[in-house]
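Chain residues, written in single-letter form:
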Amino acid sequence: MHEKINDFVNSIEEKVINYRRDFHKYAESAWTEYRTASLIARRLTDLGYDVKIGKEVMNVADRMGVPSEAVLERHYQRALAQGADVEFAEKMRGGFPAVVGILKNGEGPVIAMRFDFDAVDMKENSSPDHRPVKEGFASVNDEAMHSCGHDGHASIGLGVAETLMQVKDQVKGTVKLIFQHAEEGVRGAKSIATSGILDDVDYIYAGHLGSGSPKGAVVCSRDNFLATAKFDAFFTGAPAHAGGKPEGGHNAMLAAATAVLNLYAIPRHSGGSTRINVGRLNAGTGRNVICPNAHLAIETRGETSALQEHMYNYAMKVLENSAAMHGCKLEIVAMGGASSGKSDRDFAAIGKKVADTIEDFNLVLEAPPSNAGGGSEDFSYMMERVQKHGGKATFFGIGADLGGWGHHTAEFDLDESAFKGAIKLFSLLALHLMDNWEA
Ligand SMILES: [Zn+2]
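Computed from a predicted structure; not experimentally measured. (Residues numbered from 1 in each chain as written. Predicted model: local features only at pLDDT ≥ 70, side-chain atom pairs only at ≥ 80, totals over all residues.)

> Describe the domain arrangement of the protein chain, naming the residues involved and giving the relevant values.
Parsing the protein chain into structural domains produces domain 1 (2–223 + 341–435) and domain 2 (227–338). On a C-alpha basis, the centres of domain 1 and domain 2 stand 35 Å from each other. Tallying the contact residues gives eleven residues for domain 1 and eight residues for domain 2. Considering only residue class, the side of domain 1 that touches domain 2 consists of three nonpolar, four polar and four charged. (Domains from an automatic or database assignment. Contact = placed C-beta atoms within 7 Å. Nonpolar A, V, L, I, M, F, W, Y, C, P; charged D, E, K, R; others polar.)

This is how it looks when you write it as structure tokens:
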């Protein structure tokens, strides 16, 4: 079985790389991934998966940071013009680009894997030396670039889909391949996590390419993520003539400015590291008008979900009291979020056992060498959901060389030879869990 999978994955490597280059060229950022998602849904259907999409696998109330209707529609039309699958895209219209492929074969565990597929809001380097430009697959979409590697994740997911279908008779149980929108800004996972699709899952895993691990390395339990909340605060006051009757207004800019200074003044916490940032402040209408409105873009983070909640609750107190001080109304809009996520070490140990047998890897670690972190990952919502009802979860770091550049840079270049090791690991782990399942 092991050899069969090894050979099969090697044989589809070029096809998987072509998927990646296609996703890369037509990069789509959060909530607008209609082309990417509809083509994935088509491919899974053709392979024989039972495919669920859009609202079937999303909780509408838990969508966060969704762009305006006008932006969604513009990108929907762009997706159609760029070769989206019309039948599936239609069902995703309005901001519902999630896809789940299900393969059920008799009794056994329910195993879920998650592959995210959104691009980053940025423009790709157009220099002729940049490999995607040289080889003709640089992003043709302005302000959307696969500079995090999620095009690779989506392609690995399709590779796993092909591989498991190839050995369908060996699948004993249920496999759910979850293709997730809007990971950037941690906006998409929660809507899938609370939809019910994970509520019978016994094992869930996912991974990220690169992220500091060199090619050939695998870390079987990355979980040094910060829990986070991204939210906007809107202050509404009242305008007045700044010379004639300043006391008649309610100054929203003062409320916002008071809030900014005091948000950064939230006292330290002994329980672990925390962060707060106000990334944007917009306010005001005219020089001689008492400012009637202000907007802040804020994020809080914590090493654990509890620390994150502490920061968020403290921030709310600061915002509410700053608004009250100047007679303004406050409205908070959630724009994204993630919990801290904790990999199950006993599950990671099983992952290591399987990874140790794969020829593509030369360094397999059960846990990360250091626990330094600062990023967030919304797969944590899915981990938490599965763990809450007794299932196990882990998150893999899949080593890949990035051409000397970091994630989220315009020069980012992904090492495509890292894909096949990941496909083997994800497929073999599912089969291993099924073979060793005791109900
Ligand atoms: Zn990423």
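> Just give me the short version of the pairing of strand 7 (residues 227–236), but keep the residues and values in it.
Here is the key point about a regular strand: its side chains alternate between the two faces of the sheet. Where burial is concerned, most of strand 7 is hidden: seven out of the ten residues are buried. Of the strand pairs in this sheet, strand 7 and strand 9 (residues 293–302) are connected by ten bridges, and their pairing is antiparallel. Pairing of Phe235 across the sheet is with Ala294, part of strand 9. Pairing of strand 7 with strand 10 (residues 329–338) involves nine bridges; the strand directions are antiparallel. What sits directly across from Ala229, in strand 10, is Gly337. (Buried ≥ 20, exposed ≤ 12 C-beta atoms within 10 Å, placed from the backbone. Helix = DSSP H or I, 4+ residues; strand = E, 2+ residues; numbered from the N terminus. Pairing = 2+ DSSP bridges.)

> Can you lay out the nonpolar core for me, pointing to particular residues and giving the numbers?
Counting 101 residues, the largest nonpolar core has Val99, Phe179, Ile204 and Val218 as its most contacted members. Once residues within four sequence positions are removed from consideration, Val99 is found in contact with Ala37, Ile40, Ala41, Leu44, Val51, Ile53 and Phe179. With 24 residues, the next largest nonpolar core counts Ala255, Ile290, Cys291 and Cys328 among its residues. (Core = buried A, V, L, I, M, F, W, Y, C linked by C-beta atoms within 7 Å.)

> Describe in detail unusual backbone geometry, supporting the description with residues and values.
Despite not being glycine, Ala182 shows a phi value in the positive range, around 50°. Mapped onto the fold, Ala182 is located in the loop between strand 4 (173–180) and helix 8 (189–193). Assessed through the 30 C-beta atoms surrounding it within 10 Å, Ala182 is described here as buried. For Val186, which is not glycine, the phi torsion reads 40° and is therefore positive. Mapped onto the fold, Val186 is located in the loop between strand 4 and helix 8.

> Residues and numbers for the environment of Ala393, please.
Here Ala393 is to be found in strand 12 (residues 392–398). For Ala393, a count of 28 C-beta atoms within 10 Å corresponds to the buried category. Sequence separation between Ala393 and Asp344 is 49 residues, and the spatial gap between their C-alpha atoms is 5.8 Å. Contacts of Ala393, omitting those with residues within four sequence positions, involve Ile204, Tyr205, Ser343, Asp344, Phe347, Met383, Val386 and Gln387.

> Talk me through the packing of helix 1 (residues 2–11) against helix 7 (residues 150–166); I want residue IDs and the actual numbers.
Relative orientation of the contacting elements helix 1 and helix 7 amounts to 135°, with a least axis distance of 10 Å. Taken together, the axes of helix 1 and helix 7 are oblique relative to one another. Considering only the axes of helix 1 and helix 7, their crossing is right-handed. Each of Ile5, Phe8 and Val9 in helix 1 lies in contact with helix 7, whose residues at this interface are Gly159, Thr163 and Gln166. Taken together, the residues of the contact of helix 1 with helix 7 sort by class into three nonpolar, three polar and no charged. (Axes fitted to C-alpha atoms, helices over the stretch in contact; angles between N-to-C directions. Parallel < 35°, antiparallel > 145°, perpendicular 65-115°, else oblique. Left-handed = near helix turned anticlockwise from the far one by under 90°.)

> Account for the sheet that holds strand 7, naming residues and giving values.
A sheet is described by the order of its strands in space; here four strands give the open sequence 8-9-7-10, paired in antiparallel fashion. Strands at the two margins of the open sheet, each flanked by one partner only, are strand 8 (274–283) and strand 10. With strand direction ignored, the average angle separating the axes of adjacent strands in the sheet is 15°. Taken strand by strand, helix 9 (residues 252–263) contacts strand 7, strand 8 and strand 9, and its axis lies near 15° from that of strand 9. Contacting strand 7, strand 8, strand 9 and strand 10, helix 10 (residues 305–325) crosses the sheet at an angle of about 160° to strand 9.

> Please give an account of the pairing of strand 2 (residues 99–105) that cites residues and values.
Inspection of the sheet shows strand 1 (residues 50–53) paired to strand 2 by four bridges, in the antiparallel sense. Note that in strand 2 the partner of Asp50 across the bridge is Ile102. When strand 2 meets strand 4, the two strands line up antiparallel, connected through seven bridges. Paired with Asn105 across the strands is Gly173, a residue of strand 4.

> Can you lay out the sheet that holds strand 12 for me, pointing to particular residues and giving the numbers?
Taken in spatial order, the eight strands line up as 1-2-4-3-5-12-6-11 in an open sheet, and their pairing is mixed. Each edge of the open sheet is held by one strand with a lone partner, namely strand 1 and strand 11 (363–365). Adjacent strand axes in the sheet meet at a mean angle of 20°, parallel and antiparallel pairs treated alike. With seven bridges connecting them, strand 5 (residues 203–209) and strand 12 associate as parallel partners. By the bridge assignment, Ala206 is partnered in strand 12 with Phe395. Across the face of the sheet, helix 7 comes into contact with strand 2, strand 3 (110–116), strand 4 and strand 5 while running at roughly 145° to strand 3.

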